[in-house]
Amino acid sequence: MNDIIQSITEAENRASEIKAKALERATEISAAAEEKCARIAKECATDCKIMRETAVNNAVKDAEAQYDLAIEKKTAESRAYADALIKKSGPVAAEIAGRIVRGSC
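Bear in mind that the values here come from a model prediction, so they are computed numbers and not experimental data.

For helix α1 (residues 2–102), which comprises 101 residues, the first-to-last C-alpha distance of 146 Å matches the rise-based estimate of 150 Å (1.5 Å per residue) to within 8%. The largest bend in α1 amounts to roughly 30 degrees and is located at S89, with the proline P91 lying one to four residues further along. Positive phi appears at G103, one or two residues downstream of α1, with a value of about 80 degrees.

Below is the structure:
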C-alpha cells in the first residue's frame, strides 16, 4: 500500500514538475512572441512611413509633370492665338499706315 501511495506521490511530483516546466516554457514563448510582435509592428510602421512618403513624392512628381504639360499646352495655344491676331491685324495696320501716308485719314 505504501508503495502505491509513494508511486502516486512521485507521479504527482513529476506532473507538478512537468507542469512547472511547461508554464515556464509557455512564459518564454509568450515573451518571445511579444518581442517579435513589437519588432514587426515597428517594422510595419517604418515600412508604412516609407511607402507613404514614396506615394506622396510620386504624386507630387505626377502633379508637377501634369502642371508643366498643361502650361506648355496653354503657352502653345496662346502663342498660336497671338500669331493669328497679328496676322489679322497686319493688313489692317498696313491700310491705316497707308491712309496716314496718303493723307486720307
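That was the structure; now back to the text.
In this structure the tally under the stated criterion is four salt bridges. Residue R39 is joined to E43 by a salt bridge in which the shortest nitrogen-to-oxygen separation is 3.5 Å. Pair noted here: R39 and E43 are both in helix α1, with a separation of four residues, about one helical turn. On the basis of relative accessibility, which here comes to 42%, the residue R39 falls in the partly exposed class. E95 is the partner of R99 in a salt bridge, and the nearest nitrogen-oxygen pair spans 2.8 Å. Taken together, the positions of R99 and E95, both in helix α1 and four residues apart, correspond to about one turn of that helix. A relative accessible area of 42% means that E95 is categorised as partly exposed.

Together, V92, I96 and I100 make up an exposed nonpolar region whose accessible area comes to about 280 Å². Position of I100 relative to the elements: it lies in helix α1. Given a relative accessible area of 53%, I100 falls into the exposed group.

The rules behind the values
Residues numbered from 1 in each chain as written. Predicted model: local features only at pLDDT ≥ 70, side-chain atom pairs only at ≥ 80, totals over all residues. Heavy atoms only, no water. Helix = DSSP H or I, 4+ residues; strand = E, 2+ residues; numbered from the N terminus. Expected span 1.5 Å × (residues − 1). Bend = angle between axes of the 7 residues up to and from the residue. Salt bridge = Lys/Arg side-chain N within 4 Å of Asp/Glu carboxyl O. Buried < 20%, exposed > 50% of the residue type's maximum accessible area, 1.4 Å probe, protein only. Patch = residues over 30% accessible without salt bridge, like charges linked within 9 Å, V, L, I, M, F, W, Y side chains within 5 Å. Areas by Shrake-Rupley, 256 points an atom, 1.4 Å probe, with all protein chains shown as cover.

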